[in-house]
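# Working through the structure, step by step
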Amino acid sequence: MLTRIQVKEIKEHLEKSQNPLFFFDNDQDGLCSFLLLQRWLGRGKGVPIKSFPDLIPEYFRKVKELGADYVFVLDKPLISKGFFEEIRKVNIPVVWIDHHTIDWTLIPQFVNYYNPLLNKKKSNEPITALCYQITKRKEDIWIAMVGCISDGFVPYFYTDFEKKYSDLSTNSMEAFDLLYKSQIGKIARILSFGLKDRTTNVINMLKFLIKAKSPYEVLEENSKNSSFHKRFNQVNARYTRLLNKAIILGKKADRILFFQYGGDLSISSELSNNLSYIFRDKLIVVAYVKGAKTNISTRGEKIREAFLKSIEGLEGAIGGGHENAVGGQIKTEDIEKFRENLKKILN
Ligand SMILES: [Mn+2]
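The text that follows walks through the structure, step by step, so that each part is easy to find. Note that the structure is predicted; figures quoted are calculated from it, not measured.

## What about the sheet that holds strand S1 (residues 20-25)?
Spatially, S2-S1-S4-S6-S7 is the arrangement adopted by the five strands of the open sheet, whose pairing is parallel. Single-partner strands in this sheet number two, and they are strand S2 (45-49) and strand S7 (112-114). In this sheet, neighbouring strand axes are inclined to one another by 15° on average, regardless of whether the strands run parallel or antiparallel. Pairing of strand S4 (residues 70-74) with strand S6 (residues 94-97) involves four bridges; the strand directions are parallel.

Written as structure tokens, this is what we have:
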């Protein structure tokens, strides 16, 4: 949770901004955080950050293009030095809200940085939960729920949500039961795949969501949302095929489920979340091979430490995230080495 003072400060930043630009992590937690702040403030543009692992300097172009007077960065653990340098030159305030563990010394003095991991009472709930704590708009509670359950988190306002939308919920107190088995979860899955669409379609989806009055408007297919419903059906078909393949592997695997795939579409974190839900006592490693580089998504108890150790000494390898959920990138030629390292460390 944020402190009362932090909430007040962030609100003041938002109110001071005439034309804020919200950069957000390209997932539902990032997206829903943006939606909550934008809908509360009634202004501002949102841009999903697709660069990985950091927010790269090229995104500064958006600041100029959109004439932003304030920059908010939501749910992104890393911002490149180059980006900060550009921002510095034009003297635009930056407010960065995050919940990842990072090297705090990399944060420049001029940045307004908020991360409850640095508070006296440490926590790392989704950014969506923090943004809901800031805006407290009851009519947006469904958006807040979507962001939270996508990050595997059941927030304190769940009971309020259930009272209002019992038809969209399940009786479970488990985030992934909600994500995979309820209608609010279906919204989360629709948005996840929608973010992976072409830029024009993503922009249309954002516009739709900024105005959406209820979760039913998202769930019921109509002329305004048909493109992201179509996208969902498409990606979901591919996703289901990959998931079924991985499940077969998982049934044979002992402690580590290692699943590798390729193609044009990266859906690794969705796969690793779902696999960790199905195989609760296994460590999940999903590798997405694209040319010379391979993105890795892992889930499992204390996986962060093991992952970081296993990429030590691999040239160009990077990674970071939460204790139980880590993403990273290695060279494709190092996959076997990485796999062996991880096995050794875990045994
Ligand atoms: Mn995120």
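## Some thoughts on the packing of aromatic side chains
Under the definition given, this model contains 23 aromatic pairs. A centroid spacing of 5.6 Å and a plane angle of 20° characterise the contact between Tyr70 and Phe72, whose relative ring orientation is stacked. Here the two residues Tyr70 and Phe72 agree in accessibility, since each one is buried. The interplanar angle of 55° and the centroid separation of 4.5 Å between the aromatic rings of Tyr132 and Phe157 together place this pair among those described as tilted. Here the residue Tyr132 occupies a position in helix H5 (residues 127-135), and Phe157 occupies one in the loop between helix H6 (141-150) and helix H7 (158-164), the gap between them amounting to 25 residues. Exposure class is identical for Tyr132 and Phe157. Each is buried. One cation-aromatic arrangement involves Arg339 over Phe258; the distance from NZ or CZ to the ring centre is 4.1 Å.

## Considering the pairing of strand S9 (residues 283-290)
Counting buried positions along S9 gives six out of eight residues, so the element sits mostly inside the fold. As paired elements, strand S8 (residues 256-261) and S9 share six bridges and run parallel to each other. Bridge pairing in S9 links Leu257 to Ile284. Once the chain exits S8 it traverses helix H13 (residues 268-278) before rejoining the sheet at S9, and the crossover so formed is right-handed. The sheet contact formed by S9 and strand S10 (residues 293-299) spans seven bridges and is antiparallel. Opposite Val289, over in S10, you have Thr294 as the bridge partner.

Rules behind the numbers
Residues numbered from 1 in each chain as written. Predicted model: local features only at pLDDT ≥ 70, side-chain atom pairs only at ≥ 80, totals over all residues. Heavy atoms only, no water. Pairing = 2+ DSSP bridges. Helix = DSSP H or I, 4+ residues; strand = E, 2+ residues; numbered from the N terminus. Axes fitted to C-alpha atoms, helices over the stretch in contact; angles between N-to-C directions. Phe/Tyr/Trp six-rings, centres within 6.5 Å; stacked < 30°, edge-to-face > 60°. Buried < 20%, exposed > 50% of the residue type's maximum accessible area, 1.4 Å probe, protein only. Lys NZ or Arg CZ within 6 Å of the ring centre and 35° of its normal. Right-handed = clockwise from strand over helix to strand, strands pointing away.

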